[in-house]
Structures are given as structure tokens and as C-alpha cells.
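Structural overview for review
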Amino acid sequence: MRSYTLLLLLILAGCANRPYLGKDALGAQDFVMDSYQIQLGKVSQLNFEGGLFEPLSPDLLDEVVDIVDNGDVIAIRLFHPTKQNELSKIASFFDSGFTVENGQLTLPLIGSVVVQNLTLNQVQSLVEQKFKEQIHDVEVFLSYKERLEKRVEIAGQTQITSLPVNGKMRLFDLLSKAKVPTNANLFKSYLVRNDKLLPVDFVKLIQNGDMSQNVVMRAKDKVYIAGAESSNFYVMGEVKTEGAFPISTGTVPLREALAKAGGILVTGDRAFIQVIRGNLIKPKIYTLTWNHIIHLPTNNMLLIPGDIVYVAATPITQWNRFVNQLFPSFTAYEFFRKGISGVIIQ
């Protein structure tokens, strides 16, 4: 714990009796420019926070070709214009179905047929070709007797743990069927495919109707629906109600954040409203005024999860007061989450 206290002291040194005004402090113009980047959506915001994400590929919107898979059971029917009586003797045997194993179908008369990554129509053409090598003019018809169900796993704030997919179901439909609560944290919700995070913007999809985010679901995808309290911003200092406030859509206007905290007290210095952003080793610290907040457009003054809004006193009476207001509101987990890595705890 001593390391955290020391770290906070080093970062915010100079705040005693006044707001932090170091040479690296940023102004309203920087805050507006960063807010513009934040408005672009989740990918831009994740990159803004230090991630390395590319926009979603348009290929993710393409429906998935339905292919034969291991575990599928395929029924086969044979037809011949002159030998139907002979074929009827084995019809029930073929109709009972054959299971795809290791990407192959093993059939009487023709042996093993590789069917991996083929559609049912492609398998039918291949099987018919091989049967014609044994029985001239035979026609072959394939159908699914049973199918190995392909499902998507769903975790978090939802009543349903999995849903079947068919290569056509899209994320919006899946979320509708999953009974996602209205207060879910869409910004922190995510989709994992092949153990990799796809930067799908749930907020754009659900709230803005942006169909560029409506990816086609695939078998074994994993969707996590975050709870309302999974991300917060913080308001400290000379406000009516200090503390953590949930932020479920990825952004909240600074004006709204101060309103949620009950507004600035008469003891607050409206010339020094600061936003502390980023990891605590090298944060961005913006210094704004009340005039900026009330006159600049709301969308130009945006907070993101983890931001700390600090309203200075007029003046701050002592350093201990600042630390006592700010420090108890954070757990060790919060400091680690905000990027304290490589710090040796004594």
C-alpha cells in the first residue's frame, strides 16, 4: 500500500493548495480534440487508450457457407431408371444414415469419401460420381438425418447461456434472443472468436442501429454481456456527492458527470476543473473551466471509463485534504486496472 501512496504523491505533486499545473498539464483544446477521437466509436477509443485494434473487416458481415461437419449424420437415397427393385433392397440401410467422422463418409460399394469443408450439394455430387463408377445411370440424393448442433456461448448478464447458430444468425438477433437486460454495459460487452477479441461496437449496433457492427455469428463464438457496474468514472473534490458512477455506453459528457455528482459546491473553484485520464504512471491531466463546460458542445467534452474528475477548492486548504478525498475511493484492483505495471510493492 505504501507504493500506491507514493505513486499518487509523485503523480499529483504540486497539488497542495492549488490544482496540478505542471508543464505536462493539458487544456480545453486538447480535451476537445481527444473527445472528437472518442466519438468515433469503440475501436478509436480502445486505440486511444493504448490498444492495437483495426476496424471490423467487411468479411465478418458475410453469411457463413453451411458445410458438412464431423458428427453430422447423412441419409442417402439411390435411384435408377431400370434397377430400382434391386436398389430397394438396400434402401433402408442407406436411409438410416452415415456419420461423418474425421472429415470423411465411409459408404458401401465406394468406400471413404473426403467431405471436409464441402457443402451438402457438393458432397452429393461427389458421392454420385463415385456411385456411377459402380452403377451406371444411378442418381444419388443426400439429406441430413441428424446434425451436430453449432452453438454460441453467452456469459455475463443474460438469462441464456448458449444459442444455436446456422451461419446466418447475426449479433443483433442473438442479443435479442439472449434477453440482455436494458442496463447492461454495452461498451464493456465483447465478442471472442478463435480466442481473439473482435472489436465489435455493441453501443453502435444496439443504440445507433449501425449495421456495420452486425457480424454473422459462428459456431464456438463467445459473447460476454457486461454488468452495469463494470466500468465507472469518478468525481472528487468540491462536489455534492463524491464517488464512482457507472458508465455503460463508453462515454459520458463532462457536464452530465458533474450533474450526477450533484453539481459544484460554493467552495469549488470553477476555474480549475481537472480530468485525470489514463494509467497513473503517466496520466493525461486536463485543466478546464466552468465556462468551457457550459459553452462548448456537449459531445466535445466527453469522459471515458476510468476518468477522474477533480474539482479544486478555492483554494485547496492542504495536501492531506486532497489525498483523503481521492485515495480511499480506489482499491488496489483499480490501480492495477488503470495500468500500474512494473511497480515493485515493498
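Heads up: these notes are all about the structure in this document. (Residues numbered from 1 in each chain as written. Predicted model: local features only at pLDDT ≥ 70, side-chain atom pairs only at ≥ 80, totals over all residues. Heavy atoms only, no water.)

A word on the side chain of Glu238
Its location among the elements puts Glu238 in the loop between strand 11 (232-237) and strand 12 (243-246). Separated by 2.4 Å, the side chains of Glu238 and Thr267 make a polar contact. (Helix = DSSP H or I, 4+ residues; strand = E, 2+ residues; numbered from the N terminus. Polar contact = N/O pair within 3.5 Å; in protein donor to acceptor, adjacent residues only side chain to side chain.)

Some words on unusual backbone geometry
For Asn194, which is not glycine, the phi torsion reads 55 degrees and is therefore positive. With respect to the helices and strands, Asn194 occurs in the loop between strand 8 (185-193) and strand 9 (196-198). Overall, Asn194 belongs to the exposed group, its relative accessible area being 66%. Phi at Lys220 is positive, roughly 75 degrees, even though this residue is not glycine. Assignment of secondary structure puts Lys220 in the loop between helix 7 (202-208) and strand 10 (222-226). Its relative accessible area of 68% is what places Lys220 among the exposed residues. (Buried < 20%, exposed > 50% of the residue type's maximum accessible area, 1.4 Å probe, protein only.)

Some remarks on helix 2 (residues 28-39)
Note on helix geometry: an α-helix contains 3.6 residues per turn, so any two residues three or four positions apart are oriented the same way. Here helix 2 spans 16 Å end to end across 12 residues, near enough to the 16 Å set by a 1.5 Å rise per residue. Among all positions of helix 2, only Ala28, Phe31, Val32, Asp34, Ser35 and Ile38 are buried. In an axial view of helix 2, the angular spread of the buried residues amounts to 170 degrees, which keeps them on one side of the axis. What points out from helix 2, more than 90 degrees from its buried face, is the exposed set Gln29 and Met33. Just past helix 2, the residue Gly41 takes up positive phi, approximately 120 degrees. (Expected span 1.5 Å × (residues − 1). Arc of directions from axis to C-beta.)

Section: the sheet that holds strand 9
Taken in spatial order, the 5 strands line up as 7-6-10-8-9 in an open sheet, and their pairing is mixed. At either end of the open sheet lies a strand with only one pairing partner, and these are strand 7 (162-164) and strand 9. For this sheet, the mean angle separating the axes of adjacent strands, direction not counted, is 25 degrees. Examined bridge by bridge, strand 8 and strand 10 share 4 bridges and lie antiparallel to one another. Across the sheet, Leu191 pairs through a bridge with Val223, a residue of strand 10. (Pairing = 2+ DSSP bridges. Axes fitted to C-alpha atoms, helices over the stretch in contact; angles between N-to-C directions.)

Notes on the pairing of strand 17 (residues 308-313)
Along strand 17, 6 of the 6 residues are buried, which leaves the element largely enclosed by surrounding structure. Strand direction decides the pairing type here: strand 11 and strand 17, joined by 4 bridges, are parallel. Looking across to strand 17, one finds that Met236 is bridged to Tyr310. In the sheet, strand 14 (residues 268-277) pairs with strand 17 via 5 bridges, with the strands oriented antiparallel. Paired with Val275 across the bridge in strand 17 is Val309.

Quick notes on the environment of Val252
On the secondary structure map, Val252 appears in strand 13 (residues 252-253). Expressed as a C-alpha distance, the spacing of Val252 and Leu302, which sit 50 residues apart in the sequence, is 5.6 Å. The contact partners of Val252, leaving out residues within four places of it in the chain, are Phe233, Ile247, Ala257, Met301, Leu302 and Leu303. (Contact = heavy atoms within 4.5 Å.)

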